[in-house]
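Take a look at the letters that make up each chain.
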Amino acid sequence: MKKVAVIGQGYVGLTISAFAGEFFEVIGFDNNSAIVAQLNSGISHIEGVDSAILRKWISFGSYKATNQASDIFAADVVVIAVPTPLTLDRKPDLTFIDSACRTIGENIKNPVLVINESTSFPGTLRNYIKPAIEKYSESEVEHLYAISPERVDPGRGDFNQKNTPRLYSGLTPVASRQTREFYAKFCDNLVEVSSPEVAEAAKLFENTFRQVNIALVNEFAQIAQSLGISVYETLDAANTKPYGFMKFTPSAGVGGHCIPVDPTYLAAVAEEHGAPATFIRRANDVNLEMSKYVVDRVEADNQGSLQGKSVLVIGVAYKPNVADVRETAAAPVIEHLRSRGALVSWHDDLVGEWRSETSAPLHGAEIAIVITLHDSIKHSSVMASAQYVFDTTGKIEGAVTL
Ligand SMILES: NC(=O)c1ccc[n+]([C@@H]2O[C@H](COP(=O)([O-])OP(=O)(O)OC[C@H]3O[C@@H](n4cnc5c(N)ncnc54)[C@H](O)[C@@H]3O)[C@@H](O)[C@H]2O)c1
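Residues numbered from 1 in each chain as written. Predicted model: local features only at pLDDT ≥ 70, side-chain atom pairs only at ≥ 80, totals over all residues. Heavy atoms only, no water.

## Considering a nonpolar patch on the surface
- Residues F205, F209 and M246 make up a contiguous nonpolar surface patch of roughly 330 Å² in combined accessible area.
- Structurally, M246 can be placed in the loop between α8 (231-238) and α9 (262-272). (Patch = residues over 30% accessible without salt bridge, like charges linked within 9 Å, V, L, I, M, F, W, Y side chains within 5 Å. Areas by Shrake-Rupley, 256 points an atom, 1.4 Å probe, with all protein chains shown as cover. Salt bridge = Lys/Arg side-chain N within 4 Å of Asp/Glu carboxyl O. Helix = DSSP H or I, 4+ residues; strand = E, 2+ residues; numbered from the N terminus.)

## A short note on the pairing of strand β4 (residues 77-80)
- Burial of β4 is two-sided: the residues V77 and V79 facing one way and the residues V78 and I80 facing the other way are all buried.
- One ladder, built from 4 bridges, connects strand β1 (residues 3-7) with β4; its direction is parallel. Bridging across to β4, A5 finds its partner in V78.
- One ladder, built from 4 bridges, connects β4 with strand β5 (residues 113-116); its direction is parallel. (Buried < 20%, exposed > 50% of the residue type's maximum accessible area, 1.4 Å probe, protein only. Pairing = 2+ DSSP bridges.)

## Concerning helix α3 (residues 51-60)
- If you check which residues of α3 are buried, you get S51, L54 and W57. All buried residues of α3 project into a common sector of 125° when viewed along the axis, lining one side. Opposite the buried face of α3, by more than 90 degrees, sit the exposed residues S59 and F60.
- A positive backbone phi angle near 75° is found at G61, which sits one or two residues after α3. (Arc of directions from axis to C-beta.)

## Points about the sheet that holds strand β6 (residues 144-147)
- With mixed pairing, the 8 strands of this open sheet are ordered in space as β3-β2-β1-β4-β5-β6-β7-β8. Looking at the sheet topology across the chains shown, the edges are occupied by β3 (63-66) and β8 (190-192). Taken pair by pair, the neighbouring strands of this sheet meet at an average axis angle of 25°, ignoring direction. (Axes fitted to C-alpha atoms, helices over the stretch in contact; angles between N-to-C directions.)

## Brief notes about the pattern of salt bridges
- According to the stated counting rule, one finds 22 salt bridges in the structure shown.
- Here D236 makes a salt bridge to K247, at a shortest N to O gap of 2.6 Å. With D236 in helix α8 and K247 in the loop between α8 and α9, this pair connects stretches of sequence that are 11 residues apart.
- Among the residues examined, D236 registers a relative accessible area of 41% and is labelled partly exposed.

## Some details on the packing of aromatic side chains
- One pass over the structure, following the stated rule, counts 9 aromatic pairs.
- On the numbers, 5.0 Å between centres and 40° between planes, the contact of F24 with F182 is tilted. With F24 in the loop between α1 (11-20) and β2 (25-29) and F182 in helix α6 (residues 173-184), the pair connects residues that are 158 residues apart, well separated along the chain. Each member of the pair, F24 together with F182, is buried.
- In this structure an aromatic cluster arises from ring pairing among F19, F24, F182, Y183 and F186. (Phe/Tyr/Trp six-rings, centres within 6.5 Å; stacked < 30°, edge-to-face > 60°.)

## Topic: the sheet that holds strand β15 (residues 400-401)
- The sheet built from 5 strands is open, its strands ordered β10-β9-β13-β14-β15 with parallel pairing. In this open sheet, the two strands that pair with only one neighbour each are β10 (343-347) and β15.
- Bridge count for strand β9 (residues 310-314) against β10 is 5 bridges, and the pairing is parallel. The residue bridging V311 from the neighbouring strand is V344, located in β10.
- Most of the contacts of helix α10 (residues 278-301) go to strand β14 (residues 386-391), to which it runs at about 150°, and overall it touches β13 (365-370), β14 and β15. (Contact = heavy atoms within 4.5 Å.)

## Here we look at the packing of α10 against helix α11 (residues 330-339)
- Close contact between α10 and α11 brings their axes to 8 Å; oriented N to C, the two are set at 45°. Taken together, α10 and α11 sit at an angle that is classed as oblique. For the crossing formed where α10 meets α11, the hand is right-handed. Seen from α10, the contacting residues are S291, K292 and V295; seen from α11, they are P332, V333, H336 and L337.
- For the contact of α10 with α11, the class distribution of residues is 4 nonpolar, 2 polar and 1 charged. (Parallel < 35°, antiparallel > 145°, perpendicular 65-115°, else oblique. Left-handed = near helix turned anticlockwise from the far one by under 90°. Nonpolar A, V, L, I, M, F, W, Y, C, P; charged D, E, K, R; others polar.)

## Looking at α6
- A rise of 1.5 Å per residue sets the reference length of α6, with its 12 residues, at 16 Å; its end C-alpha atoms lie 16 Å apart and thus fit the reference within 8%.
- Listed in full, the buried residues belonging to α6 are A175, S176, T179, F182 and Y183. All buried residues of α6 lie within an arc of 125° about the axis, which places them on one face of the element. (Expected span 1.5 Å × (residues − 1).)

As far as function goes, none of this settles anything; it's purely spatial.
In structure tokens, the structure reads:
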């Protein structure tokens, strides 16, 4: 059986480990020792990765988590699945990629196939990952390099590793062939593109497409409000057109590790090459400004002041049915509310604890603002939780909407 090391055991890395465990001996390397201990005790921390599957692979000897870098030595394939966030000044931050390259360069046997699944700008595999691994390797290495951007949508039931088409490309034909052989075990539809840069750019463009369309509908929600018409009814009307229209719905902003982040990677590389990214930058701004717009609307509906009023923010995860709070729109909404003197608590049983605060009961506030609506939340309970309910999801009958 081939050995596979997966660097990073988060949403992407653990998901791939769980699928690969059926065919390979997987070493899940993560530098967070608490996550490693939890995984080795057979408990998954990721929605969509069943603890029972994890326990099965552990008992078969085909999965082990570790924070010992030397444990990856014997791997034949290394998958990089570490975060690619933004710096504080919203620029691409490749420090996690760099430290993953160091782990690989210093510890892996030679040669292996290195596949990057982390999202980054075109040129990252060729100009950053390969040179970094070579820099950290003591002797000359002849690794093969490929990219296969991850498209997993955690918490989603209909599409997974098996039935989501997977893009890939190697730096060499041999790398491409070996990458195909690796993923073919657990992915039905593999799409080879002509260069790693095309695969990297396609991943960024997919999420930029979503960000721009979400920004457009968020702007349109404000236009519809100013015209005194329902944005939802208008969108449903437009959506009766059987071609040339795709429905996006307004929200308090975009969250998660992908949509608020990836377009900025594309804009950064575009600007570095002297190409315009004005549309992408503006879309990002429109989405970021939605939290203020929501609080402005709530304030206007409540005698123009939130001072001293109790406000319950419902759903602080960035999307329904997950506990992930990365880049959640709930954060700026709460900041705006508190800066205007509101007494803010939040309710989200899936998240439980966040920023040293715990989930509050779903009742007893003057104002409730729904940011994310998990399936487990009863609409009637939301309506009973406060005298005034503003629902940014547009799903709760009787609530004020965007
Ligand atoms: N979450 C998604 O839905 C999703 C979807 C597609 C692509 N991606 C991309 O996949 C990549 C990983 O995202 P994620 O959501 O899995 O992140 P995550 O934060 O859930 O997990 C990353 C894991 O990597 C570990 N880590 C960080 N640096 C490390 C290092 N040097 N060595 C070993 N472990 C390290 C962290 O402890 C963490 O457990 C990112 O580039 C992201 O943009 C994410």
